[in-house]
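# Analysis of the macromolecular model
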Amino acid sequence: MTDTTAHVDVLIVGAGLSGIGAACHLQRRCPGLSYTVLESREAIGGTWDLFRYPGVRSDSDMFTLGYTFRPWTQPRAIADGATIRGYVQDTAREHGVDRHIRFSHRVVSAEWSTAEARWTVTAERTDTGETVRLTCSWLSVCSGYYRYDEGYRPRFPGEERFRGPIVHPQHWPADLDHAGKRVVVVGSGATAVTLVPTMAETAAHVTMLQRTPSYVLALPGRDPLADALRRRLPARAVYPLVRWKNVLVSMASYQFSRRRPAAMRRFIQNLARKQLPAGFDVETHFGPPYDPWDQRLCLVPDGDLFRSIREGRADIVTDRIATFTETGIALESGAELEADVVVTATGLNLLPIGGMTLTVDGEPVELSERVSYKGMMISGVPNFAMTIGYTNASWTLKADLVAGYVCRLLDHMRARGLATCTPVAPPGGGTEPFIGLSSGYVQRSLAALPRQGARAPWRLYQNYVRDVWLMRHGPLEDAGVRFAARPASPVAAEVAA
């Protein structure tokens, strides 16, 4: 069955952190425009509703992961998943955005017609199997960039022999009981360093088995400056001060890492060494073969990972898996790790624009052949935006800027009677990968992403201060974009003649 609904001005795909933020920005800044949010799942929250593994939390502080328009007032700067989910849901409810959401609508395709200056979007109802078609003048995709239904899960030799459960964090069983059991967590990224100390609270012992170590940095779970300011100032005054402090500290850390990688490496390892038992082999277990910020740093609030190792409830083994056995994992070194439960924290699968297909005037759009414009639009694709956050800072910092920029564009087009905004590729096309990280989940999927150019407005600088100027105050009309009025209909053209 097909349900064709009334046309809306803006269609937003995704009701997670980005989608709810985009809807709130639109409602606050462009109140005259109609909009609908399509969400493939049955709840608000996106990532923070999907992930339910023990200890799931942000890897960015909530002063920058929170929205610009809704101050973060809770005491914890590094929040758990349930708290973040509640924050997103409360934001949607307070702004009335929840009334515009259609749940269980998975978008499968979007077709642009220049003659009509509109998108026709096809979605599948995941609850009924029905096909739904909607039309819109502007399409904003806020679906993140990884697959919700499938994490990255390599197959290991002999794993069918293992007698216990093998669990991927993206599909955590609600009834899994690890209390009093021996747990091996395979992986070394943000998910692994979150799982290990949390599971170690009740498990007999937890081992983090890693092939390659990561940089791990401890941060206070509460922000000392925020605590001090809250005793003297109202929340709305505290929020921007702490937010900008955290932005600038993060940027300084990143810039120092890129300019002085060896010094940053020593700094991070020395901090870890102070929190680990005497004689701990920091270089082997916390000394990656790459420079800081070639991959994202792993943040641990209040050093909980180091504390669990120091107290003997957890340990780290840096080795390779030879095979699973009936009772654990045999390593290439000849050692064997006994386990009752194995958790494969082996990463994500990227899925650009939610896996939907794009067509412009009957021609399929191959993202890998296109160039990104300001990190949010795609060359040759009219009236379209996608939200992909920073790789070196909080996701929401970029999501807020993209949502605000879309509002600026829509106001600009409406004021000048323009119907379309189409990015154009720079001379020579895209020369560099869209994401500059060496992480496995990025490298596995770069071929499916657009490219970026060598300079603005086609280059992503991963610099929030620069982007604030570019996207909030910079010109809307430049060499990278073309605007056009609505094409005259054949009837109107005949009458005019």
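Source: prediction; values computed, not measured.

## Considering the overall build of the chain
- Scanning the chain for helices and strands turns up 14 helices and 26 strands.
- For 497 residues, the compact-globule estimate of 2.2 N^0.38 gives 23 Å, and the C-alpha radius of gyration of the chain, at 24 Å, lies within 12% of that figure.
- Taken over the C-alpha atoms alone, the chain extends approximately 85 × 55 × 45 Å along its principal axes.
- Classification of the 497 residues of the chain by burial places 54% in the buried group.
- Of the side-chain charges in the chain, 56 are positive and 50 negative, and the distance between the mean point of each set is 8 Å.

## Here's the deal with a nonpolar patch on the surface
- The grouping of Trp244, Leu248 and Val465 at the surface amounts to a nonpolar patch, some 250 Å² of accessible area in total.
- Residue placement: tryptophan 244 occurs in helix H7 (residues 235–259).
- Judged by relative accessible area, which is 34%, tryptophan 244 ranks as partly exposed.

## Brief notes about the sheet that holds strand S10 (residues 205–210)
- Reading across the sheet, the five strands line up as S8-S17-S9-S10-S13 and stay open at both edges, with parallel pairing between neighbours. The sheet terminates laterally at strand S8 (166–167) and strand S13 (314–318), the two strands that pair on one side only.
- Bridge analysis of S8 against strand S17 (residues 341–344) gives two bridges, and the strand direction is parallel. By the bridge assignment, valine 167 is partnered in S17 with valine 343.

## A short note on a positive patch on the surface
- Taken together, the side chains of Arg28, Arg29, Arg236 and Arg472 define a basic patch exposed on the protein surface.
- Within the element layout of this structure, arginine 29 appears in helix H1 (residues 17–29).

## What about the side chain of serine 257?
- As for its placement among the helices and strands, serine 257 is situated in helix H7.
- Given a relative accessible area of 1%, serine 257 falls into the buried group.
- Side-chain polar atoms of serine 257 contact the backbone oxygen of serine 253, separated by 2.8 Å.

Thresholds applied
Residue indices begin from 1 for each chain and proceed along its sequence in written order. Thresholds applied to this predicted model are a pLDDT of at least 70 for local features of residues and 80 or more for the giving and counting of side-chain atom pairs; totals over whole chains, interfaces and linings are not thresholded and use all residues. Note that water and hydrogens are dropped before the side-chain values are worked out from all heavy atoms of the structure. Per the convention used, a helix needs a DSSP run of H or I reaching at least four residues, while a strand needs a run of E reaching at least two, with both numbered from the N terminus. Atoms counted for the radius of gyration: C-alpha only. Globule rule: 2.2 Å times residue count to the power 0.38. A simple rule labels every residue: compare its accessible area, found with a 1.4 Å probe on the protein chains alone, to the largest value its type can have, and call it buried under 20%, exposed over 50%, or partly exposed in between. Charge assignment: positive for Lys and Arg, negative for Asp and Glu; neither His nor the chain ends contribute. For the purpose of locating charges, the reference atoms are NZ of Lys, CZ of Arg, CG of Asp and CD of Glu. To count toward a patch, a residue needs a relative accessible area over 30% and no salt bridge; like charges are then connected within 9 Å, while nonpolar side chains (Val, Leu, Ile, Met, Phe, Trp, Tyr) are connected within 5 Å. Exposure was quantified through the Shrake-Rupley algorithm and a 1.4 Å probe, taking into account, for residues, occlusion by the shown protein chains and nothing else. Salt bridge criterion: a side-chain nitrogen from Lys or Arg within 4 Å of a carboxyl oxygen from Asp or Glu. Strands are labelled as partners when DSSP assigns at least two bridges between them. Polar contact criterion, stated in full: a pair of N or O atoms within 3.5 Å, where within protein one must be able to donate a hydrogen and the other to accept it, and residues adjacent in sequence count only if both atoms are side-chain atoms.

By themselves these figures say nothing about function.
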